[in-house]
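Close look at the chain arrangement
One letter stands for each residue in the lines below.
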Amino acid sequence: MTKNMRLILLSFASIFLLAGCYEEPDLFDDLLTSNGKVAQIAVLWLGDTKVYSAAGVLQPGITVDSATTVNVNIEYTSEIAVKEFRIYSAPTTTGAQTLVTTLPAGTQKYDAELRNYVIKVPVKAPLTRNASVVLFAEVIAENNLPSSQRNVTLKTNP
């Protein structure tokens, strides 16, 4: 009987020793690789004033006359210095993007009430009537890392 007990205990001991050598993979280390800090776009909207729906939701898109200049307002936060702002256009949210304008940093203002930086980037509306274009904004930090893009839709009157 004691011989069987020793065999059983020896088996359990070897299992525990082998299990102790097993190293659990670190899933977060594989998923979270950081290249540095980036700016975060909080809100993106078009025009001179923010327009809200009856439910209090910000309406970021706008309809204007063709060929008029419209401000793309970028409200963003950043822990590091910003290098430039880029605006791209595309026919749809999934379409190929074309660089519309690049604006160097330096003209943005800090809004203490919003606790964000705010910059207005002027862009020209499409020349054709009844057109729709999606504008994408991106903030490039000093370390050349871009923020996530936000988009708004600019439409022209028929």
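To keep things clear, this report deals only with the structure shown in the data block.

So, about the pattern of salt bridges. Enumeration over the complete set of coordinates arrives at 4 salt bridges. Salt-bridge contacts for lysine 50 lead to glutamate 75; the nearest nitrogen and oxygen are separated by 2.9 Å. Separated by 25 residues along the polypeptide, lysine 50 in the loop between β1 (40-46) and β2 (62-64) and glutamate 75 in strand β3 (residues 69-77) bring together distant segments of the chain. What makes lysine 50 partly exposed here is its relative accessible area of 26%. Exposure remark for glutamate 75: the relative accessible area of 3% places this residue in the buried category.

Taking strand neighbours across the sheet as the criterion, the 5 strands line up as β2-β9-β8-β4-β5 in an open arrangement whose pairing is mixed. The outermost strands of the open sheet, each flanked by one partner alone, are β2 and β5 (98-104). Averaged over all pairs of adjacent strands, the angle between their axes in this sheet comes to 25°, without regard to strand direction. Pairing of strand β4 (residues 82-90) with β5, which is carried by 6 bridges, proceeds in the antiparallel orientation.

Further remarks concern the side chain of threonine 156. Structurally, threonine 156 can be placed in strand β9 (residues 150-156). There is a polar contact of 2.9 Å between the side chain of threonine 156 and the backbone oxygen of threonine 128. Every residue in contact with threonine 156, bar those within four places of it in the chain, is listed here: Thr63, Val64, Asp65, Ser66, Ala125, Pro126, Thr128, Arg129, Asn130 and Ala131.

Cut-offs applied
Residues numbered from 1 in each chain as written. Predicted model: local features only at pLDDT ≥ 70, side-chain atom pairs only at ≥ 80, totals over all residues. Heavy atoms only, no water. Salt bridge = Lys/Arg side-chain N within 4 Å of Asp/Glu carboxyl O. Helix = DSSP H or I, 4+ residues; strand = E, 2+ residues; numbered from the N terminus. Buried < 20%, exposed > 50% of the residue type's maximum accessible area, 1.4 Å probe, protein only. Pairing = 2+ DSSP bridges. Axes fitted to C-alpha atoms, helices over the stretch in contact; angles between N-to-C directions. Polar contact = N/O pair within 3.5 Å; in protein donor to acceptor, adjacent residues only side chain to side chain. Contact = heavy atoms within 4.5 Å.

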